[in-house]
Amino acid sequence: MVEQKEQLYEGKAKKVFATSDPDLLIVDYKDDATAFNGLKKGTIVGKGVVNNRMSNYLMQMLEKQGIETHYVDELSERRTLVKNVKIVPLEVIMRNIVAGSLSKRTGLEEGAVPAMPVLELYYKSDELGDPMINEDHALAFGWATREELDSIASMARKINGILKEFFAGVGVDLVDFKLEFGRYKGHIILADEISPDTCRFWDSKTKTKLDKDRFRRDMGDAEGAYHEMMRRLGLKE
């Protein structure tokens, strides 16, 4: 039996604990909500439960499709046992529909559909506001190797294809989403989470937003949106 040890880290949405096994960590999901790199703060009641259970469900689904993830075991509705990875300091954004910062940067109307999914890289740094970068930056500054970047891009595109099809089946458009990857025993695996915190979800018919944009944009009923996504996945609360 793995035992919880000292807290290693507390971020905007999660706490991470060491365990009696150096290869494993415990992640504890919080209800704290932040936006705009922490400038806006609040609480979405029940968010930690939704994010934990939804992430675990999707990670297990991806594992069955050949995507190795950090998921090991769901310990409770808020806590999960994961592999101890060294996070690559890059955030990978996959964009299927124009929204958010992509709309602001390009002047394209939110809801426009590009000719192909767009993969973007951002340097993972709260202090710098997670600036957008390209592969040359990542290579030049030692944030990732060529082989790692190729693995990350290939996995991100495969994950996008799997998730787009899955969510379409439950009446949801996967607009865009953030992925993080980690180094584990010499190779790259999927880490972090897949949830309404890290994805934009729109109802396929009404285009109702079912994600953290309801908090970011003061749209109201963020709790309802998160729990609706749980319902769409068939997860009991």
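A brief report on the enclosed structure follows. This is a predicted model, so every value here is computed, not measured.

**Overview of the overall build of the protein**
Here's step 1: Each helix and strand counted, the protein has six helices and 14 strands in total.
Here's step 2: Taken over the C-alpha trace, the protein has a radius of gyration of 17 Å; the compact-globule value for 237 residues is 18 Å, and the two agree within 12%.
Here's step 3: Over its C-alpha atoms, taken along the principal directions, the protein stretches across nearly 50 × 45 × 35 Å.
Here's step 4: Summarising the internal contacts of the protein: among those between residues at least 6 apart in sequence, 56% fall at separations of at least 24.
Here's step 5: If you sum the accessible surface of the protein, you get close to 11,400 Å²; carbon and sulfur atoms cover 52% of it.
Here's step 6: Side-chain charges of the protein comprise 36 positive and 40 negative groups, with the mean position of each set lying 2 Å from the other.

**Remarks on the pairing of strand β10 (residues 118-123)**
Here's step 1: Sheet topology note: the strand β9 (residues 90-95)/β10 ladder contains six bridges and is antiparallel. Bridging from a neighbouring strand, L90 pairs with Y123 of β10.
Here's step 2: Sheet topology places β10 next to strand β11 (residues 132-133); two bridges connect them, and they run antiparallel. Each residue of the ladder has a partner; that of L121, found in β11, is I133.

**Considering the nonpolar core**
Here's step 1: Grouped together as the largest cluster of nonpolar side chains are 49 residues, with contacts concentrated most on L163, F167 and F181.
Here's step 2: Filtering out sequence-adjacent residues up to four positions away, F167 remains in contact with M54, L58, V172, L174, F201, M229 and L233.
Here's step 3: L25, V27, Y29 and V82 belong to the second-largest nonpolar core, a separate cluster that totals five residues.

**Side note on the packing of aromatic side chains**
Here's step 1: Inspection of every chain in the model, using the stated rule, returns five aromatic pairs.
Here's step 2: Look at Y123 and W143: their rings are 3.8 Å apart centre to centre, the planes differ by 10 degrees, and that puts the pair in the stacked class. A residue pair is termed long-range when its members are at least 10 positions apart, and Y123 in strand β10 and W143 in the loop between α3 (135-140) and α4 (146-168) qualify at 20 residues.
Here's step 3: Aromatic rings pair up to connect Y57, F166, F167 and F201 into one cluster.
Here's step 4: Residue placement shows K40 over the ring face of F215; its charged tip is 4.8 Å from the ring centre.

**Looking at the pairing of strand β14 (residues 199-203)**
Within a regular beta strand, the side chains point alternately toward one face of the sheet and then the other, so they alternate between its two faces.
Here's step 1: The element β14 is largely enclosed, with a buried count of five among its five residues.
Here's step 2: The alternating pattern of β14 places C199, F201 and D203 on one face and R200 and W202 on the opposite face, and all of these are buried.

**Topic: the packing of helix α1 (residues 47-64) against α4**
Here's step 1: Orientation of α1 relative to α4, taken along the N-to-C sense of each, is 115 degrees, at an axis distance of 11 Å. For the pair α1 and α4, the crossing hand works out as right-handed. Each of M54, Y57, L58, M61 and L62 in α1 lies in contact with α4, whose residues at this interface are I159, I162, L163, F166 and F167.
Here's step 2: Tallied by class, residues from the contact of α1 with α4 come to 10 nonpolar, no polar and no charged.

Rules of the game
Residues numbered from 1 in each chain as written. Predicted model: local features only at pLDDT ≥ 70, side-chain atom pairs only at ≥ 80, totals over all residues. Heavy atoms only, no water. Helix = DSSP H or I, 4+ residues; strand = E, 2+ residues; numbered from the N terminus. Rg over C-alpha atoms; globule rule 2.2 N^0.38 Å. Contact = heavy atoms within 4.5 Å. Areas by Shrake-Rupley, 256 points an atom, 1.4 Å probe, with all protein chains shown as cover. Lys, Arg positive; Asp, Glu negative; His and termini not counted. Charge placed at Lys NZ, Arg CZ, Asp CG, Glu CD. Pairing = 2+ DSSP bridges. Core = buried A, V, L, I, M, F, W, Y, C linked by side-chain atoms within 4.5 Å. Buried < 20%, exposed > 50% of the residue type's maximum accessible area, 1.4 Å probe, protein only. Phe/Tyr/Trp six-rings, centres within 6.5 Å; stacked < 30°, edge-to-face > 60°. Lys NZ or Arg CZ within 6 Å of the ring centre and 35° of its normal. Axes fitted to C-alpha atoms, helices over the stretch in contact; angles between N-to-C directions. Left-handed = near helix turned anticlockwise from the far one by under 90°. Nonpolar A, V, L, I, M, F, W, Y, C, P; charged D, E, K, R; others polar.

Bear in mind that shape data such as this cannot, by itself, settle questions of function.
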